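# Geometric and topological summary
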Amino acid sequence: MSGFAYSAKTPTIINYTLINANTWYAINSEVKGVRKWFLKARESTDNSFDYDFTSGHLTYLTNGGQGVSFDGCDLPVIYTKSATAGTIMELIYWG
């Protein structure tokens, strides 16, 4: 690991409330140079959600609420919706 100096980073947390049910919302952070990021729904009665990386929503992924994570990529605009109004999405990333 010559020339590489690791330094611990404090993660950044973003909470985003999906006010209406079944409505797509954009979580628009667009942070560059992220080492890892993780998205999940705050634990509640129904914390399932759908997510997409394009604004068309012709294809998207579903998630039971446990979350999704990615390593070594920029943090894109994430589109997300929930069948439950007021679902809080929790996004954490390490720069």
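Residues numbered from 1 in each chain as written. Predicted model: local features only at pLDDT ≥ 70, side-chain atom pairs only at ≥ 80, totals over all residues. Heavy atoms only, no water.

Let us look at the sheet that holds strand 8 (residues 87-94). As summarised here, the arrangement of the four strands in space is 1-8-3-6, forming an open sheet in which the pairing is antiparallel. Only two strands of the sheet have a single partner each, and these edge strands are strand 1 (12-18) and strand 6 (68-71). When strand polarity is set aside, the average angle formed by the axes of neighbouring strands in this sheet is 15°. Both strand 3 (residues 36-41) and strand 8 contribute to a ladder of six bridges, which runs antiparallel. Note on strand 8: the bridge partner recorded for Ala41 is Met89. (Pairing = 2+ DSSP bridges. Helix = DSSP H or I, 4+ residues; strand = E, 2+ residues; numbered from the N terminus. Axes fitted to C-alpha atoms, helices over the stretch in contact; angles between N-to-C directions.)

Further remarks concern the nonpolar core. Counting residues in hydrophobic clusters, the biggest one holds 15 residues, and the most contacted among them are Trp37, Leu39, Leu75, Ile78, Met89 and Leu91. When contributions to this core are tallied by element, the ones reaching two or more residues are strand 2 (25-27), strand 3, strand 4 (49-52) and strand 8. Here Leu91 is in contact with Thr12, Ile13, Ile14, Ile27, Ser29, Trp37, Phe38, Leu39, Leu75 and Ile78, once residues within four sequence places are set aside. (Core = buried A, V, L, I, M, F, W, Y, C linked by side-chain atoms within 4.5 Å. Buried < 20%, exposed > 50% of the residue type's maximum accessible area, 1.4 Å probe, protein only. Contact = heavy atoms within 4.5 Å.)

Take the sheet that holds strand 7 (residues 78-81) next. Taking strand neighbours across the sheet as the criterion, the four strands line up as 2-7-4-5 in an open arrangement whose pairing is antiparallel. The two strands at the open ends of the sheet, each matched to only one other strand, are strand 2 and strand 5 (61-63). On average, each strand axis in the sheet is inclined to that of its neighbour by 35°, with strand direction left out of account. Bridge analysis of strand 2 against strand 7 gives three bridges, and the strand direction is antiparallel. Among the inter-strand pairings, Ala26 is bridged to a residue of strand 7, identified as Tyr79.

What follows covers the pattern of salt bridges. Across all of its chains, the model carries four salt bridges by this definition. Its salt-bridge partner being Lys36, residue Asp71 comes within 3.0 Å of it at the nearest N-O pair. Highlighted residues: Asp71 in strand 6 and Lys36 in strand 3, separated in sequence by 35 residues. On the basis of relative accessibility, which here comes to 31%, the residue Lys36 falls in the partly exposed class. With a shortest N-O distance of 2.7 Å, Arg42 and Glu90 are connected by a salt bridge. Placement of Arg42 in the loop between strand 3 and strand 4 and of Glu90 in strand 8 is noted, with a sequence separation of 48 residues between them. In this structure Arg42 comes out as partly exposed when scored by relative accessible area, which is 34%. Taking relative accessible area as the criterion, Glu90 reaches 17% and is therefore assigned buried. Where salt bridges share partners, they join Lys40, Arg42 and Glu90 into one cluster. (Salt bridge = Lys/Arg side-chain N within 4 Å of Asp/Glu carboxyl O.)

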